[in-house]
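These are the residues of each chain, in order.
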Amino acid sequence: MRHAYTVETVRAAERTLMSRLPPGTLMQRAAAGLAAACGSLMHGTYSRRVVVLAGSGDNGGDALYAAARLARRGAGVTAVLLTPDKAHPGGLAALRRAGGRTLPPEPEAADQAIAQAHLILDGIVGIGGRGGLRPQAAHLARTARESRATVVAVDLPSGIDPDTGETPGETVHADATVTFGSYKPGLLIDPAAEHVGALRLIDIGLGPYLPPPELEALQHADVAALLPTPVGETDKYRRGVVGVVAGSERYPGAAVLAVGGALRGGAGAVRYVGPGAEAVIARYPETLVTSGPPSKAGRVQAWVVGPGLGDDRAARQAVAEVLGSDVPVLVDADALRLADRDQIRRRTAATVLTPHAGEAAALLSADRADVESARLAHVKQLAEAYQATVLLKGSTTLIAQRGHPVRVNPTGTAWLSTAGSGDVLSGLTGSLLAAGLTARDAASVGAYLHGLAGRETPVPFGAHELADRIPQVWRSVHPRT
Ligand SMILES: NC(=O)C1=CN([C@@H]2O[C@H](COP(=O)(O)OP(=O)(O)OC[C@H]3O[C@@H](n4cnc5c(N)ncnc54)[C@H](O)[C@@H]3O)[C@@H](O)[C@H]2O)[C@@H](O)CC1
Ligand SMILES: [K+]
């Protein structure tokens, strides 16, 4: 599991740890890790040209100390000081002792040094930065981006909001980020995460001083431990039956895709309810189909409702019936519009809502662009407002449930934004719910497998190919399945 902590939490842990160590120890630990990472990114240090963009805080200090280490090992180092009279004194002295030279941030000289660099260390701001970069720093960030050098962000790409993943203005675009002590939410959530590049964590000893995280990301081993595995004495009901209410005369394909996802999610059987039965059976003969309303469909352990459902009376009625049941329900697509909001809040069994940014905006009466630029705040707000588990789909999928750290899905690719992809995800996640996972785990594992399937399917792909790919990625996560 990867854990991420907000600035306030990191600073509190750092204070406690620092009080037990000689002054400057943490910065030296950070600088040593950073210098080693830069050395390996440059495949050596001798005759490499390194430019440091140094702000006046401790982030600049980390960068200067690391650059001094590189200079001692043969690199030619130039530091561009954003505020020369306020540069970190210790870091600056160390760099000068090691033979590094400094430049004020005058555009011409700085631009020239950047143009010739092999590696640029972005030490403009770290967790102390607020708001978009100021004009001088913004200019350097743009010049660095346009150069051919490898850009390494110190702790985080300057200009991103470490707590939220928002990018309030110009930011550094890094090829790699070396972060200290712990991950920060902004490194894992878009739009900021897009500018992070390869992410490396340097342990500076904070671990024992950190409380439960604010954000977490499952890794293969976590997902493997959560995947449902049939045991000796079992049958389809004990493995779980998932009911899928999806598709319409107009969109029978959504029914096929949702069932396709559900068949790959570990439930023992999939029951389909709706007007797409013929199309579903033609593709997946193992599906149990029913033509009546969901309440007459027979026993299920979880429902998926919504993909391609349309919005006629029957659809509205089906959504209300499913929400009236006492088993976990996943509400997607059209059902997010049709559902009675109070009925969602009144439910006692688990409810999972799976909106994309546009649907989330409608549920919150907000702007889509605002949801996309501040995903973390909005997913939490949704979970709170609807008293449900919310999976906010998109460039970084987030899963929120009140009282728990938000989860960010680390898998996925922009190729997943294809028609029907969400239908497969809802079927898959509903199946995991029926198999007995909690709402939060089902949503996280569903997003993880779906994202991996997106990465493993040859592109460009159609959504049905994603469903077909799930067994392979399942086995890659859990080889002994
Ligand atoms: N506190 C600690 O124990 C440790 C801190 N470390 C480093 O220290 C950093 C935090 O240092 P600070 O608290 O000094 O803060 P920062 O160095 O992150 O930022 C503060 C400086 O940036 C300037 N600044 C703020 N917003 C700006 C903007 N939008 N555009 C341009 N300049 C801006 C401020 O004027 C100030 O000079 C961490 O990110 C990390 O790199 C590491 O050395 C590890 C240990
Ligand atoms: K930085």
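Just so it is clear, the structure is predicted and the values come from calculations on it, not from any experiment. (Residues numbered from 1 in each chain as written. Chains lettered and ligands numbered in written order. Predicted model: local features only at pLDDT ≥ 70, side-chain atom pairs only at ≥ 80, totals over all residues.)

## Let's talk about the overall build of the protein
Looking only at helices and strands, the protein has 20 helices and 18 strands in total. By the compact-globule yardstick of 23 Å for 481 residues, the protein fits well, its C-alpha radius of gyration being 26 Å. Seen through its C-alpha atoms, the protein measures out along the principal axes to roughly 80 × 45 × 40 Å. Looking at the protein as a whole, 54% of its 481 residues are labelled buried. (Helix = DSSP H or I, 4+ residues; strand = E, 2+ residues; numbered from the N terminus. Rg over C-alpha atoms; globule rule 2.2 N^0.38 Å. Buried ≥ 20, exposed ≤ 12 C-beta atoms within 10 Å, placed from the backbone.)

## Looking at the UniProt feature "binding site: K(+)" (unreviewed entry) in the protein
The UniProt record annotates "binding site: K(+)" (unreviewed entry) at Asn59, Asp122 and Ser158. In summary, the annotated positions, though distributed over 100 residues, converge in three dimensions, the widest C-alpha pair being only 9.5 Å. With respect to the helices and strands, the residue Asn59 is situated in helix α3 (residues 58–72). Excluding its chain neighbours within four sequence positions, the residues that come into contact with Asn59 are Gly123, Val125, Gly126, Gly128, Val154 and Asp155. Looking at the secondary structure, you find Ser158 in the loop between β6 (150–154) and β7 (176–180). (UniProt positions renumbered as here; feature names shortened; annotations may be inferred. Contact = placed C-beta atoms within 7 Å.)

## So, the site of ligand 1
Around ligand 1 sit 26 residues in total, of which Gly57, Asp58, Asn59, Gly126 and Gly128 are the nearest. Mapped by element, the contributors of at least two residues to the shell around ligand 1 are α1 (7–18), α2 (25–41) and α3. If you tally residues by element for the shell around ligand 1, the top one is α3, at four residues. Looking at side-chain class alone, the shell around ligand 1 contains 11 nonpolar, nine polar and six charged residues. (Near = placed C-beta within 6 Å. Nonpolar A, V, L, I, M, F, W, Y, C, P; charged D, E, K, R; others polar.)

## Brief notes about the environment of Ala269
You can see Ala269 is positioned in strand β11 (residues 269–273). Ala269 sits in the buried class, given 21 other C-beta atoms within 10 Å. For Ala269, the contacting residues outside a window of four places in its chain are Lys236, Val241 and Leu288.

## Focus: the sheet that holds strand β10 (residues 241–245)
The strand order across the open sheet built from 11 strands is β1-β9-β18-β17-β16-β15-β14-β13-β10-β11-β12, with neighbouring strands paired in mixed fashion. At either margin of the open sheet sits one strand with a lone partner, and together these are β1 (2–4) and β12 (288–290). In this sheet, adjacent strand axes meet at a mean angle of 20 degrees when their direction is disregarded. As judged from the three bridges shared by β11 and β12, these two strands associate in the parallel manner. (Pairing = 2+ DSSP bridges. Axes fitted to C-alpha atoms, helices over the stretch in contact; angles between N-to-C directions.)

## Remarks on unusual backbone geometry
Residue Pro191 is bonded to the preceding Asp190 through a cis peptide linkage, with omega at 5 degrees. You can see Pro191 is positioned in the loop between α7 (185–188) and β8 (198–202). With an omega dihedral of -10 degrees, the bond running from Val459 to Pro460 counts as a cis peptide bond. With respect to the helices and strands, the residue Pro460 is situated in the loop between α19 (439–456) and α20 (463–477). Within the chain, Gln387 stands out as a residue other than glycine whose phi angle is a positive 50 degrees. According to the C-beta neighbour criterion, Gln387 is partly exposed, with 13 such atoms within 10 Å.

## Observations regarding the UniProt feature "domain: YjeF C-terminal" (unreviewed entry) in the protein
The feature "domain: YjeF C-terminal" (unreviewed entry), as annotated in UniProt, sits at residues 219–477 in this numbering. Within residues 219–477, the helical portion is 48% and the strand portion 13%, while the C-alpha atoms at the span's ends are 9 Å from each other.

## Here we look at the nonpolar core
The tendency in soluble globular proteins is for nonpolar side chains to be buried as a group. Formed by 158 residues in total, the largest nonpolar core has its most connected members in Val52, Leu64, Ala67, Ile120, Leu121 and Val352. At nine residues, the largest contribution of residues to this core is made by α19. Residues from two domains meet in this core; each of domain 1 (2–215) and domain 2 (220–477) gives at least three. In contact with Val52, other than residues within four places in its own chain, are Ala63, Leu64, Ala67, Val77, Ala79, Val80, Leu121 and Gly123. (Core = buried A, V, L, I, M, F, W, Y, C linked by C-beta atoms within 7 Å. Domains from an automatic or database assignment.)

## Side note on the domain arrangement of the protein
Examined at the domain level, the protein breaks down into domain 1 (2–215) and domain 2 (220–477). Each of domain 1 and domain 2 has a C-alpha centre, and the two are 40 Å apart. Each partner contributes residues to the interface: domain 1 has 13 residues there, and domain 2 has 10 residues.

## Focus: helix α5 (residues 107–116)
Considered for burial, the residues of α5 that qualify are Ala110, Ala113 and Ile114. With its buried residues spanning 100 degrees around the axis, α5 presents them on a single face. Tucked inside the fold, the buried residues of α5 contact β2 (49–54), β3 (76–81), β4 (101–103), β5 (119–123) and α6 (135–146). (Arc of directions from axis to C-beta.)

## Re the packing of helix α10 (residues 252–263) against helix α18 (residues 421–434)
Packed helices, taken two at a time, are described by their axes: the angle between them and the distance between them. Axis separation between α10 and α18 bottoms out at 6 Å; the angle between their running directions is 40 degrees. Overall, the two elements α10 and α18 adopt an arrangement that is oblique. Both α10 and α18 take part in a crossing whose hand is right-handed. Here Ala254, Leu257, Ala258, Val259, Gly260, Gly261 and Ala262 of α10 come into contact with α18, specifically with Asp423, Val424, Leu425, Ser426, Gly427, Leu428, Gly430 and Ser431. Its residues assigned to classes, the contact of α10 with α18 comprises eight nonpolar, six polar and one charged. (Parallel < 35°, antiparallel > 145°, perpendicular 65-115°, else oblique. Left-handed = near helix turned anticlockwise from the far one by under 90°.)

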